[in-house]
Amino acid sequence: PRALSASHTPAVMGQSECKGCSASDPTTDTVTVKIGALGGTLLADAGASPKTSPKHQVPEEQLECQEEQIKHLEMERAREEEGRRLEVLEQQRLEHGRAAEEQRLERERTEVQARDVQRTLEQAKLAERTAAERAAAEAAARTAEEARKRAAEEKTRKDAQEKVDGFLKTKGFKTISMPRTSCFTASYPLHVAVQENK
């Protein structure tokens, strides 16, 4: 038989905590022995081993009940340990899930930031290209306008020169700055043009 710890021993000697042993009733479970009826068998039983005597059968039953209690407690402890182990596994699974979710969210944030940076760069390139095209168009327009103005000025100058040349030729002047002389008098083209109101 196994030795029991103090926490597993019954509170009262001869009584057990297990249901099988505690259900015994001392009034109905009492055996009355008539010595006369047994006669010689009583003497034969006296030489029997102490393990088979009724006094020693009760402690064996108690030991069996206590062993059942110990097994029951060990099973309970094993269930509790299994429960704690499962809780730890569940906690680890949840933490792993949270970590994976945080990594996924961080990856998404990084991707969104990368897309935003890419979009910003593309917008900056587009704005730069648009500004360069606008500047080129404005420069081309200025150049064209300056060329048109020069052409208009040149045409105006040519027309004026043709008028002056025509006036000088019709009036007999050689150049605009040389006077025309006749009979000791000199007349200048500018004076003649003012007199004729041209």
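Residues numbered from 1 in each chain as written. Predicted model: local features only at pLDDT ≥ 70, side-chain atom pairs only at ≥ 80, totals over all residues. Heavy atoms only, no water.

Participant: Let's hear about the overall build of the protein: which residues, and what values?
Facilitator: Each helix and strand in the protein was counted, giving 5 helices and 2 strands. Along the protein, helices and strands appear, N-terminal first, in the series α-α-α-α-β-β-α. Buried residues in the protein amount to 7% of all 198 residues. Sequence-distant contacts, at least 24 apart, represent 44% of the contacts inside the protein between residues at least 6 apart. Accessible surface, the protein: about 17000 Å² in total, of which carbon and sulfur atoms supply 58%. (Helix = DSSP H or I, 4+ residues; strand = E, 2+ residues; numbered from the N terminus. Buried < 20%, exposed > 50% of the residue type's maximum accessible area, 1.4 Å probe, protein only. Contact = heavy atoms within 4.5 Å. Areas by Shrake-Rupley, 256 points an atom, 1.4 Å probe, with all protein chains shown as cover.)

Participant: Residues and numbers for the pattern of salt bridges, please.
Facilitator: All chains considered together, the criterion is met by 11 salt bridges. Measuring nitrogen to oxygen at the nearest pair gives 2.5 Å for the salt bridge that ties Glu 82 to Arg 85. Taken together, the residues span about one helical turn, with Glu 82 and Arg 85 both in helix H4 (residues 54-171) at a distance of 3 residues. Overall, the relative accessible area of 34% leaves Glu 82 in the partly exposed class. A residue is classified by how much of its surface remains accessible, and Arg 85, at 42% relative accessible area, is partly exposed. For Asp 159, the salt bridge goes to Lys 155, with nearest N and O atoms at 3.3 Å. A residue pair is termed a helical-turn pair when its members lie 3 or 4 positions apart in one helix, as Asp 159 and Lys 155 do in helix H4 at 4 residues. Looking at Asp 159, the relative accessible area reads 35%, which means it is partly exposed. Taken together, the shared-partner salt bridges in this structure form one network comprising Glu 101, Arg 104 and Glu 108. (Salt bridge = Lys/Arg side-chain N within 4 Å of Asp/Glu carboxyl O.)

Participant: Please provide a residue-by-residue account of the confidence of the model for the protein, values included.
Facilitator: Counting all residues, the mean pLDDT for the protein is 79, and 70% of those residues have values of 70 or more. Across the protein, element-level confidence peaks in H4 with a mean pLDDT of 92 and bottoms out in helix H3 (residues 40-46) with 46. Across residues 1-16 the pLDDT falls below 50, and counting only partners more than four positions away or on other chains, this stretch makes 24 contacts in the model. Per-residue pLDDT stays below 50 along residues 38-53; that stretch engages in 7 contacts with residues further than four places along the chain or on separate chains. (pLDDT = per-residue confidence, 0-100.)

Participant: Mind laying out the environment of Pro 179, listing which residues take part and the relevant values?
Facilitator: Relative to the assigned elements, Pro 179 resides in the loop between H4 and strand E1 (180-182). The partly exposed category is assigned to Pro 179, whose relative accessible area is 32%. Note: C-alpha distance between Pro 179 and His 191 (12 residues apart in sequence) is 9.8 Å. When neighbours within four sequence positions are excluded, Pro 179 is seen to be in contact with Phe 173, Ala 186, Ser 187 and Tyr 188.

Participant: Requested: an account of the packing of aromatic side chains, with residues and values cited.
Facilitator: Both the distance between ring centres and the angle between the ring planes are used here to describe each pair of aromatic rings. In total, this model carries 0 aromatic pairs according to the counting rule given. Across from the ring centre of Phe 173, 4.8 Å away, lies the NZ or CZ of Arg 180, which sits over that ring. (Phe/Tyr/Trp six-rings, centres within 6.5 Å; stacked < 30°, edge-to-face > 60°. Lys NZ or Arg CZ within 6 Å of the ring centre and 35° of its normal.)

Participant: Please give an account of helix H5 (residues 189-196) that cites residues and values.
Facilitator: All of the buried residues along H5 are Pro 189, Val 192 and Ala 193. In an axial view of H5, the angular spread of the buried residues amounts to 100°, which keeps them on one side of the axis. Within H5, the exposed residues directed more than 90 degrees away from the buried face are Leu 190, Val 194 and Gln 195. Asn 197 sits one or two positions beyond H5 and adopts a positive phi of about 65°. (Arc of directions from axis to C-beta.)

Participant: For the nonpolar core, give the residues involved together with the corresponding values.
Facilitator: Phe 167, Leu 168, Phe 173, Val 192 and Ala 193 together form the largest nonpolar core, which totals 5 residues. Secondary structure elements with two or more residues in this core: H4 and H5. Apart from the residues within four sequence positions on either side, Phe 173 is in contact with Leu 168, Met 178, Pro 179, Arg 180, Ser 187, Tyr 188, Pro 189 and Val 192. (Core = buried A, V, L, I, M, F, W, Y, C linked by side-chain atoms within 4.5 Å.)

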